[in-house]
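Remarks on the overall topology
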Amino acid sequence: MAIFTVTNPFMSLTDSVEDDFELSTVCHRPESMDKLEEQTKFTKKELQVLYRGFKNECPSGVVNEENFKNIYSQFFPQGDSSMYAHFLFEAFDTNKNGSVSFEDFVFGLSIILRGTINDRLNWAFNLYDLNKDGCITKEEMLDIMKSIYDMMGKYTYPTMMDDAPREHVESFFQKMDQNRDGVVTIDEFIDSCKKDENIMQSMQLFDNVI
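Position numbers for residues count from 1 along each chain, tracking the sequence in the order it is written. Thresholds applied to this predicted model are a pLDDT of at least 70 for local features of residues and 80 or more for the giving and counting of side-chain atom pairs; totals over whole chains, interfaces and linings are not thresholded and use all residues. Values reported for side chains reflect all heavy atoms of the structure, with hydrogen atoms and water molecules removed beforehand.

In the annotation of an unreviewed UniProt entry, the entry for the chain reads Potassium voltage-gated channel interacting protein 2, and the organism field reads Poecilia reticulata. UniProt positions are given in the numbering used here, feature names are shortened, and annotations may be inferred rather than shown by experiment. Per UniProt, the chain has the following entry under Sequence similarities (unreviewed entry): "Belongs to the recoverin family." Quoted verbatim from the Subcellular location (unreviewed entry) field of the UniProt record, the comment on the chain reads "Cell membrane".

1. Notes on the packing of helix H4 (residues 82–92) against helix H6 (residues 117–128)
Axis lines are fitted to C-alpha atoms, over the contacting stretch for helices. Their N-to-C directions set the angle, which ranges from 0 to 180 degrees. Segments assigned H or I by DSSP are reported as helices when at least four residues long, segments assigned E as strands when at least two residues long, and all are numbered from the N terminus. Between H4 and H6, the shortest axis-to-axis distance is 9 Å and the interhelical angle comes to 125°. In terms of their interaxial angle, H4 and H6 are classed as oblique. Where H4 crosses over H6, the handedness of that crossing is right-handed. Along its contact with H4, which presents Tyr84, Phe87, Leu88, Ala91 and Phe92, the element H6 presents Trp123, Asn126 and Leu127. Grouping the amino acids of the contact of H4 with H6 by side-chain chemistry returns seven nonpolar, one polar and no charged. For classification purposes, an angle smaller than 35 degrees is called roughly parallel, one larger than 145 roughly antiparallel, one from 65 to 115 roughly perpendicular, and anything else oblique. Note on convention: near helix rotated counterclockwise from far helix by under a right angle means a left-handed crossing. Clockwise means right-handed. Here a residue-residue contact requires only that any non-hydrogen atoms of the pair lie within 4.5 Å. Under the scheme applied here, ten amino acids are nonpolar (Ala, Val, Leu, Ile, Met, Phe, Trp, Tyr, Cys and Pro), four are charged (Asp, Glu, Lys and Arg), and all others, including Gly, are polar.

2. A look at the UniProt feature "domain: EF-hand" (unreviewed entry) in the chain
According to UniProt, the "domain: EF-hand" (unreviewed entry) feature falls on residues 80–115, 116–151 and 164–199. Counted over residues 116–151, helix gives 72% and strand 8%. Its end C-alpha atoms are 27 Å apart. Taken end to end, residues 164–199 is 72% helix and 8% strand, and its two terminal C-alpha atoms sit 19 Å from one another.

3. With respect to the confidence of the model for the chain
A residue's pLDDT is the confidence the predictor assigns to it, expressed on a 0 to 100 scale. Summary statistics for the chain give a mean pLDDT of 84 and a share of 78% for residues scoring 70 or more. When mean pLDDT is compared element by element in the chain, strand E4 (residues 183–185) scores highest at 98, while helix H10 (residues 197–204) scores lowest at 83. Here residues 11–26 is modelled with pLDDT under 50, and outside its nearest four sequence neighbours on either side it reaches 33 contacts, counting other chains as well.

4. Here we look at the packing of helix H7 (residues 138–152) against helix H8 (residues 164–176)
Running from N to C, H7 and H8 point in directions that differ by 135°, and their axes come no closer than 9 Å. Classified by the angle between their axes, H7 and H8 sit oblique to one another. Every pair of crossing elements has a handedness; the one defined by H7 and H8 is right-handed. Note on element contacts: H8 touches H7 through Ala164, Pro165, Arg166, His168, Val169, Glu170, Phe173 and Met176, opposite Lys138, Met141, Leu142, Met145, Lys146 and Tyr149. A breakdown of the residues in the contact of H7 with H8 according to their chemical character gives nine nonpolar, one polar and four charged.

Quick look at the structure:
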């Protein structure tokens, strides 16, 4: 199951890291690097690399959903990433103000890349819990899964049947809904994911991304 399908659309690690930290042209000024280093699991150098990439794409210092979708679509030209980018934007926009600041971005990325297993699974649960009511329905899981299939595109899975996302969700929802009440709670989600070897392996791939 694609618990984490997150590509960092704001950075290229081949970008040079300069010691100067230019903020003169930015409307939204992020927290100091020292403070962000304390609040995240990134080093100051890593934060500077991330910020340089973020500023290149978002000179104003914040990104709205439309720009986020446009940036994200560059990484998945073979499919339609707009719906998944919408869900991802919602997960990063923790203040629910319609924009993602550099702080929002690095706080989320820190959890995804450097957080504990429980931290990452909590973040993933929040992504799937579309209406934020504390549980995941089969419909919510299906919406996310469809958006992932759309993003990967027909060229990636040319022989895939249209009902493949639903079949995928039916299988996983049965495993996760342990008490058969029609919804998946955070405890059921974390417990089921931890028992799934493929999910655990996929999460470990993020350990050394930066």
